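Structural characterization, general
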Amino acid sequence: NSSDNDGGGGRSGALSSPPVMEVLEKIDVNPPKGTRDFPPEEMRLRNWLFHNFREVSRLFGFEEVDYPVLESEALFIRKAGEEIRDQLYSFEDRGNRRVALRPELTPSLARLVIQKGKSVSLPLKWFAIGQCWRYERMTRGRRREHYQWNMDIIGVPEVTAEAELISSIVTFLKRLGITASDVGFKVSSRKVLQEVLRRYSIPDNLFGQVCIIIDKIEKIPQDEIKRELNSAGIAEDAVFDLLQILSVKSLDKLEEVLGSAGDAVADLKQLFSLAEKFGYSEWIQFDASIVRGLAYYTGIVFEGFDREGKLRAICGGGRYDRLLSTFGGNDIPACGFGFGDAVIVELLKEKGLLPDLSLQVQNIVCPLDQELQGAAATVATILRQKGQSVDLVLQNKPLKWVFKRAARINAGRLILVGNSEWQRGMVGVKILSTGEQYEIKLNDLD
Ligand SMILES: OCc1cccc(Br)n1
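Residues numbered from 1 in each chain as written. Predicted model: local features only at pLDDT ≥ 70, side-chain atom pairs only at ≥ 80, totals over all residues. Heavy atoms only, no water.

What follows covers the site of the ligand. Residues in close proximity to the ligand include P103, C132, W133, R134, R143, E145 and H146, which together make up its full environment. Between the ligand and R134 there is a distance of 3.4 Å, counted from a nitrogen atom to a side-chain nitrogen or oxygen. Starting from 290 Å² of accessible surface for the ligand in isolation, the protein chains cover 79%. Residue assignment for the shell around the ligand shows that the elements contributing at least two residues are β5 (124-133) and β6 (145-154). (Near = heavy atom within 4 Å. Polar contact = N/O pair within 3.5 Å; in protein donor to acceptor, adjacent residues only side chain to side chain. Areas by Shrake-Rupley, 256 points an atom, 1.4 Å probe, with all protein chains shown as cover. Helix = DSSP H or I, 4+ residues; strand = E, 2+ residues; numbered from the N terminus.)

Rendered as C-alpha cells:
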C-alpha cells in the first residue's frame, strides 16, 4: 500500500495482534504456471469483455448456463487423436474417480441436455462463460487456462442456426470496434470430407480421426499428413483426393468437384445467402481447408481469424449432430462456438481498441476528526442507499493523504464531515474536477 501510506501517519507501528500460525518459509506468490491472477485493472478488463459477451447473448435471446469446472474424465476421452485429449488436465480424486478440469464446455452441455431429456423444449439457445484448462508441458510457455464464451443452439438441423451464431460473433466484434477489415471467418463443411471419403467407402468411424489429422495441415509437413492418413487406413488415392479438395477456393469449384448430390454445397450456399440477409457477407469466406480440431463436428465449421495473420484463431465452432449419442443419449442436432478471452485482447491491443476502464468512485467520505468517524459512516450509508458509490475513509488520516487517495481512485466528490457543519446537519462537498466547494444539508445530498 505504498501509494496510500505515503508517510501520512501510516500503519500504527508493528501489528499488535500475535501471529496466529507458524511462520512458513516464503511461498511463491505467483500463480501456478500457465495461470493468471486478475488484479483490479485486469479484472475490470475481463468484466468489460464478459459484459459484452453477456449483452450479445441477451440480444440473441440466449439463456446463461454453467457447469462444474471439474468433470468426469470420461466426458473428454475420445479416440480421434485430438490435441485437447493429449493435454487433458486429469487426475484421480480421493474417491479414486478419474476426473478432469474441463478443456472445453461442449461435452458438459451435451451431458446437461441428456440429463434434462424431455423436460426441456427445443430449440435450446444456451450460452456460458467458463474457465477451461489444459495441461501442456510449459515447453512453449503457453497458458494452461482461459475463459471461453460459448453459444450453442440445440435442436435446429437447419443452417439458419450456424448463420445465427456467426451473426452473434460479428455483433460482438462490431461492439468492440472491430471491422471486417480486421477479422474474417473461414467457413467450410466437414460434409465435404465426408462426401470424398464415402467415394472410397471409408468407414464412418474413421471420420473424426481423419478430420483431426487434416486439421494439422498448416502445422506439419504434407508428407507427415499423408503418412498419418495412410496409417489410419486411408488409401493413397483417397488421400490424394482429400488433399486436392482442401485447396478448392470457391463454392462453384467445389460444386464442380463434388457434384450437387450431397448436402455440403447446398448447406454452404444457404449459409452464404443467409449471411447476405444478416449483413455480414464481407466477414466470411469459403475455405475448404478449415476442418477445426475437435472430432465431433459433423457439418459446417468456421473460425475467426485476424486478417494480418499475426494471431492464433480468435474463435471457432461448427455443427455437431452426433455428440449426444457418444455419451449414450439420443442425438439432437446442435451447433455452437467457443470464443477465448486471450486472443481477442491481443487483437484489441493491436488495433488500439482497449477501452479506458479506470476505477470510478462517485464519493470519498472523510471525517475531519476521529470523533466524527460514526457521522461519516452515517453519511456513507445514506449515499449508498441512494445508489451512490462511496469510498469511506476508515482511519485517522491527514487531508493530504485523503486528497491523494481521492485522485488515485478517481473520486468525483469529496464529502467532508466537520464538527461545526455536522452540528447544523450539514456536510462539506468539494467537486474534485472543478474545485467547486459548498455546504449542503445531509438530506439534500444526492
Ligand atoms: O483452446 C484450447 C485450450 C483449452 C483449454 C485451455 C486453453 Br489456454 N486452451
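Structure's up, so let's keep going.
So, on to the pattern of salt bridges. What the rule picks out here adds up to 32 salt bridges. The partner of D66 in a salt bridge is R102, and the shortest N-O contact between them spans 3.4 Å. In this pair, D66 sits in the loop between β1 (63-64) and β2 (70-72) while R102 sits in the loop between β4 (98-101) and α3 (106-116), placing the two residues 36 residues apart along the sequence. The exposure class assigned to D66 is exposed, which follows from its relative accessible area of 51%. Salt-bridge contacts for D204 lead to R198; the nearest nitrogen and oxygen are separated by 3.3 Å. (Salt bridge = Lys/Arg side-chain N within 4 Å of Asp/Glu carboxyl O. Buried < 20%, exposed > 50% of the residue type's maximum accessible area, 1.4 Å probe, protein only.)

Within the largest apolar cluster, 80 residues are counted, with the highest numbers of intra-cluster contacts made by F339 and I344. In terms of residue count, helix α4 (residues 160-175) provides more of this core than any other element does, 8 residues in total. Those residues in contact with I344, other than ones at most four positions away along the chain, are L49, F172, L173, L176, I178 and F339. Within the second largest apolar cluster, 23 residues are counted, among which are A128, V301, L323 and L324. (Core = buried A, V, L, I, M, F, W, Y, C linked by side-chain atoms within 4.5 Å. Contact = heavy atoms within 4.5 Å.)

Take the sheet that holds β4 next. Reading across from one edge, β2-β4-β3 is the order of the 3 strands in this open sheet, with antiparallel pairing throughout. Sheet topology places β2 and β3 (89-92) at the edges, where each strand pairs with a single neighbour. On average, each strand axis in the sheet is tilted by 35° relative to the strand beside it, whichever way the strands run. Two strands pair when backbone bridges link them, and β3 and β4 are joined in this way by 4 bridges, in the antiparallel orientation. Note on β4: the bridge partner recorded for E92 is R98. (Pairing = 2+ DSSP bridges. Axes fitted to C-alpha atoms, helices over the stretch in contact; angles between N-to-C directions.)

Looking along the chain, the bond that leaves L122 and enters P123 is cis, with omega of -5°. Inspection of the secondary structure assignment puts P123 in the loop between α3 and β5. Positive phi outside glycine occurs at S201, with the angle close to 40°. Judged by relative accessible area, S201 falls into the exposed class, the value being 64%. A positive phi angle is found at R292, which is not glycine, with a value near 70°. Secondary-structure assignment places R292 in the loop between β8 (284-286) and β9 (300-306).

Time to look at helix α13 (residues 373-385). Taking 1.5 Å of rise per residue, the 13 residues of α13 would be expected to cover 18 Å, and the 18 Å separating its terminal C-alpha atoms lies within 8% of that figure. Among the residues of α13, Q373, A375, A376, V379, A380 and L383 are the ones counted as buried. For α13, the angular spread of the buried residues around the axis is 160°, confining them to a single face. Looking at the buried positions of α13, the neighbouring elements they touch are β12 (361-367), β13 (390-392), β14 (411-417), α15 (419-423) and β15 (426-431). Phi for G387, located one or two positions after α13, is positive at around 85°. (Expected span 1.5 Å × (residues − 1). Arc of directions from axis to C-beta.)

Let's shift gears to the packing of helix α1 (residues 40-59) against α4. Put simply, α1 and α4 touch, their axes get as near as 10 Å, and they point 135° apart. In terms of orientation, α1 and α4 fall into the oblique class. For the crossing formed where α1 meets α4, the hand is right-handed. Along its contact with α1, which presents L49, H51, N52, F53, E55, V56 and L59, the element α4 presents S168, T171, F172 and R175. The residue makeup of the contact of α1 with α4, split by class, is 5 nonpolar, 4 polar and 2 charged. (Parallel < 35°, antiparallel > 145°, perpendicular 65-115°, else oblique. Left-handed = near helix turned anticlockwise from the far one by under 90°. Nonpolar A, V, L, I, M, F, W, Y, C, P; charged D, E, K, R; others polar.)

Take the state of the cysteines next. Evaluated as defined, the whole model comprises 0 disulfides. In this structure C315 is a free cysteine whose sulfur lies 14 Å from that of C335, the closest cysteine sulfur available. Take C315: its relative accessible area is 3%, and that puts it in the buried class. (Disulfide = S-S within 2.5 Å.)

Three or more residues of helix α14 (residues 399-408) are buried, namely W401, V402, R405 and A406. Around the axis of α14, the buried residues are gathered within 135° of arc, so they sit on the same side. Pointing more than 90 degrees away from the buried face of α14 are the exposed residues K400 and A407. Considering only its buried residues, α14 is in contact with β12, β13 and β14. Downstream of α14 by a residue or two, N410 has a phi angle that is positive, lying close to 60°.

Moving on: the sheet that holds β15. Pairing within the open sheet is mixed, and its 5 strands lie in the order β13-β12-β14-β15-β16. Every interior strand has two partners, whereas the edge strands, β13 and β16 (437-441), have only one. Adjacent strand axes in the sheet meet at a mean angle of 25°, parallel and antiparallel pairs treated alike. Bridging between β12 and β14 involves 6 bridges; their strand directions are parallel. Counterpart to N363 in the pairing with β14 is R413. Running over the sheet, α13 touches β12, β13, β14 and β15 and is turned about 170° from β13.

With that settled, the discussion passes to a nonpolar patch on the surface. The grouping of V20, M21, L24, I27 and V29 at the surface amounts to a nonpolar patch, some 570 Å² of accessible area in total. Following the sequence through the fold, V29 ends up in the segment before α1. (Patch = residues over 30% accessible without salt bridge, like charges linked within 9 Å, V, L, I, M, F, W, Y side chains within 5 Å.)

The analysis is restricted to geometry; functional conclusions fall outside its scope.
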